[in-house]
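Residues per chain, in single letters:
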Amino acid sequence: EEIKRNYVFRVASSIKGETEKYGYFICNEYQDVFILWWDRDVRLEANLFAPKAKEEVAGFEVCYGEELLKKMRKDSEDCVPRSVDYINALEKAFGCEKRCHII
């Protein structure tokens, strides 16, 4: 039930590239996006997720949604590049498409 509550949207992703070991590749996938809603009374620290981060990603940081959206819209090197549709859906899920102007 909690997983259903935290599910936000699904996007299609396609990445093309080349590696020395495997050569040219195309990776087509669907990505399910979930938001972790955190109780403000409990301090949220990135090291709480360290075991999973080592397996799945190079790293991550804890930040406000509005800050993340600004970085994503500016193609910050701090973020994985995402499509405009992905960013707009995330903005809507955060509930700030009507209450904040993100440049």
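In what follows, the structure referred to is the one given above.
Residues numbered from 1 in each chain as written. Predicted model: local features only at pLDDT ≥ 70, side-chain atom pairs only at ≥ 80, totals over all residues. Heavy atoms only, no water.

K.L.:
Quick rundown of the overall build of the protein chain? Include the residues and the values.
P.N.:
Counting its regular elements, the protein chain contains 4 helices and 2 strands. Sequence-ordered secondary structure for the protein chain, helices as α and strands as β, is α-β-β-α-α-α. For the protein chain, the proportion of its 103 residues judged to be buried stands at 21%. The contacts in the protein chain between residues at least 6 apart in sequence include a share of 39% that link residues at least 24 apart. For the protein chain, the exposed area adds up to about 8,900 Å²; of that, 51% sits on carbon and sulfur atoms. (Helix = DSSP H or I, 4+ residues; strand = E, 2+ residues; numbered from the N terminus. Buried < 20%, exposed > 50% of the residue type's maximum accessible area, 1.4 Å probe, protein only. Contact = heavy atoms within 4.5 Å. Areas by Shrake-Rupley, 256 points an atom, 1.4 Å probe, with all protein chains shown as cover.)

K.L.:
I'd like to hear about the pattern of salt bridges, residue by residue, with values.
P.N.:
Under the definition given, this model contains 4 salt bridges. A salt bridge links Arg10 to Asp32; the nearest nitrogen and oxygen atoms lie 2.6 Å apart. With Arg10 in strand E1 (residues 7-19) and Asp32 in strand E2 (residues 23-34), this pair connects stretches of sequence that are 22 residues apart. The partner of Lys71 in a salt bridge is Asp78, and the shortest N-O contact between them spans 3.5 Å. Judged by its relative accessible area of 17%, Lys71 is buried. One salt-bridge network, held together by shared partners, links Glu67, Lys71 and Asp78. (Salt bridge = Lys/Arg side-chain N within 4 Å of Asp/Glu carboxyl O.)

K.L.:
Describe the nonpolar core, with residues and values.
P.N.:
Counting residues in each nonpolar core, the largest one holds 11 residues, listed as Phe9, Val11, Val33, Ile35, Leu69, Met72, Cys79, Tyr86, Ile87, Leu90 and Cys96. Among the elements that take part in this core, helix H4 (residues 84-94) stands out by supplying 3 residues, more than any other. (Core = buried A, V, L, I, M, F, W, Y, C linked by side-chain atoms within 4.5 Å.)

That is the geometry; function is a separate question.
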